[in-house]
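A closer look at the structure
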Amino acid sequence: MTMLTASRRTDVAETDGRPSAGGPRPARTISDRIGWSRFAAVTRYYPVLLIFVLWEILSQLHLLDPMFMPPLEDVARTFYKEVFVTHELLEHLRMSMMRAGAGLGLAAVVGIGIGILMGRVRAIEGFLDPLISALFPTPKLALFPLIMIFLGIDDASKIALIFLGCFFPITINTYAGVKNVDKFFIWNARTKGANSRQLVRYVIIPASLPFVFAGLRVATSTAFLLIVASELIAANDGLGYLIMFAERSFDPALMWCGILMIAGMGFTVDRLLLALGARLFAWQDS
Amino acid sequence: MNNTMVAARPVDVAKADPVHVDMRGVTQRYRTGRRGDLLALDRVDLQARRGEFVSIVGPSGCGKSTLLYIVAGLLEASDGEVLVDGKKINGPDPQRGLVLQNSSIFPWRTVEENVAFGPLMAGVAASKRRTLTKHYLEMVGLKKFAAFYPRELSGGMKQRIAIAQMLACGPSLFLMDEPFGALDSLSREVLQDQLLQLWERDRKTVLFVTHSIDEAVLLSDRVVVMSPLPGRVKEIVPIDLPRPREEARASQAFGQLRNHIWESIRQETMEAIG
């Protein structure tokens, strides 16, 4: 780094005699600032840390029943063993994420497609709008026993359940987004020669993307809810199964590992989506 | 051909150029349910010659924007027809460029991507698009802002981008719907002057809808005064001020024309407001 800086300096000195304003120095201050803001973003979560500390203190004072709330130390030890020694927690995590990802991914593809069609084609809108309005409020978990009759107790029924749960928020948000596209954007594009396919690709999709994204965020939290619920009901692996198994085998530390893992995953995925959104929608007025 | 309109024009404008846009009995009806139909436009006959600058003024509700959208091919008239170069229009066409009041440029595309939009739709190759974009951004003085998003720019800059976006499609007819209506008066005067320079250089046909009488007088060869409910052409005022017009704002003739048009639409405006 220093060598690079030095050689660049001499180059500049040869051409116009003084270091240019766009040299490496401002870049360094910017990266410093990013480092600071990252640190600040992490410290913002100090209340979470505070609860963990409180948990440990109360356990040490024997104020918590270890059958429900084992000392955080035990949880941490179990967590270490499950992650780095037996890898079992990671295996359960992998299974849960695979099911949730498959259901959510399918729902995103189908939901965005149908949402756009509903927003653009009158006949499809007229047919699907009442159906979707009627089915949306039904708790999808109520259908799980029925789905299991058709698809068995393996992955297929869980993926189908997550698909159903995620499909509605994605479709409805996409549909609303497409319907909300400013008429003048469409008019402007049409007078610039856009045909209907170009209109969808260059105007309808980018303009409604913030809505689609909001739908994806809701769907993601739904997917996490449904994966745990369905694995609690019937599964041989996955985080939901792990939590249920630990409860039945009187292993509260393991149970808390499962709970904290799923909470951590939910939080991480949501933050990643938010960060992606902030990058994608830099053009939006804040 | 509609003879009354041709007769109403001064000889010097009428003699030379062929008719470019010909609106014949354009009527627009909106169904409003129980109270019967609303007649937004009632048999409007209007022509613009090639290279002519025609402004349309009138109180809100006189259907001036509706008329423009019909010529753009975005709305279909309930009755009557619009001919451009003698051919009946059918839907929008990049030959008939449109600039709208509210920044209708795409906020998710950078300035240069906005200007390149028309050529992209037409399938122009990327290298050719870059050349075109650079040319038109230079023309409106925004080359430095090529990589910016519209939200980072002022209202006046956005309208200049909208104009560059239209120019990049190479239209022969400019349809402008209150393009400077949302701007502060300083930016407005600057953009008026720039539009005048552009027009005096290229002499494209312009249909310009505005609610500013000053603007209409300053820019136009003819000012069409419309009255509301139903929307009709009330009067066509030829503007025979010498060009270039940048200095004309202060002249006595300018004031007289301005007052004449104001008298013409005053009563309807009072009713529309009151």
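Preceding this paragraph is the structure being described.
Cut-offs used in this document
Sequence positions are assigned chain by chain, starting from 1 and proceeding in written order. Each chain gets a letter, beginning with A, and each ligand a number, beginning with 1, in the order they are written. The predicted nature of this model means local features are confined to residues of pLDDT at least 70 and side-chain atom pairs, given and counted, to a pLDDT of 80 or more, with totals for whole chains, interfaces and linings taken over all residues. Heavy atoms from the whole structure form the basis of all side-chain values; hydrogens and water molecules are not counted. Strands are runs of DSSP state E lasting at least two residues, helices are runs of H or I lasting at least four, and both sets are numbered from the N terminus onward. Pairs of residues are marked as contacts when any of their non-hydrogen atoms sit within 4.5 Å. Here the accessible surface of atoms and residues is derived via Shrake-Rupley with a 1.4 Å probe, and residues count as covered only by protein chains that are part of the display. Pairing of aromatic side chains requires ring centres within 6.5 Å, counting the rings of Phe and Tyr and the six-membered ring of Trp. Pairs whose planes differ by under 30 degrees are stacked, by over 60 edge-to-face, and all others tilted. The buried label goes to any residue with under 20% of its type's maximum accessible area, the exposed label to any with over 50%, and the partly exposed label to all in between, with areas taken from a 1.4 Å probe on protein chains only. Here, a charge over a ring is recorded when the distance from Lys NZ or Arg CZ to the ring centre is within 6 Å and its angle to the ring normal is within 35 degrees. A cavity, in this analysis, means grid points on a 1 Å lattice covering only the protein atoms where a 1.4 Å probe fits yet has no way out; a pocket is instead an open set bounded by protein on both sides within 12 Å along at least five of seven lines, and a residue lines either one if it has an atom within 4 Å of a point. Grid points are joined across faces, edges and corners, and a volume is the space filled by probe spheres set on the points. When residues are sorted by character, Ala, Val, Leu, Ile, Met, Phe, Trp, Tyr, Cys and Pro go into the nonpolar class, Asp, Glu, Lys and Arg into the charged class, and all the rest, Gly among them, into the polar class.

Turning to the overall build of chain A, a few remarks are in order. A tally of helices and strands in chain A yields twelve helices and zero strands. Ordered by position from N to C terminus, the α and β elements of chain A give α-α-α-α-α-α-α-α-α-α-α-α. Looking at chain A alone, contacts between residues at least 24 apart form 69% of all its contacts between residues at least 6 apart. Total accessible area on chain A is roughly 17000 Å²; 69% of this is exposed by carbon and sulfur atoms.

Within a pair of aromatic rings, the relevant descriptors are the distance that separates the centres and the angle that separates the planes. Residue and element names in this part refer to chain A. Under the counting rule described, the total for this entry stands at 22 aromatic pairs over all chains. Here the aromatic rings of Tyr80 and Phe84 are separated by 5.1 Å at their centres, their planes lie at 40°, and the arrangement is tilted. Taken together, the positions of Tyr80 and Phe84, both in helix α4 (residues 72-85) and four residues apart, correspond to about one turn of that helix. Among the residues examined, Tyr80 registers a relative accessible area of 51% and is labelled exposed. A relative accessible area of 54% means that Phe84 is categorised as exposed. Lys140 extends its terminal NZ or CZ atom over the ring of Phe168, reaching a point 4.6 Å from the ring centre. Taking the ring centre of Phe184 as reference, the NZ or CZ of Lys183 above it sits at 5.2 Å.

This brings us to the layout of surface pockets. Residues and elements named next belong to chain B. Its boundaries defined by the atoms lining it, the largest pocket holds a volume of some 340 Å³. Going through the elements one at a time, α3 (64-72) and α10 (252-273) are the ones with two or more residues in the lining of the largest pocket. The element best represented in the lining of the largest pocket is α3, accounting for four residues. For the lining of the largest pocket, the per-class residue count stands at nine nonpolar, twelve polar and three charged.

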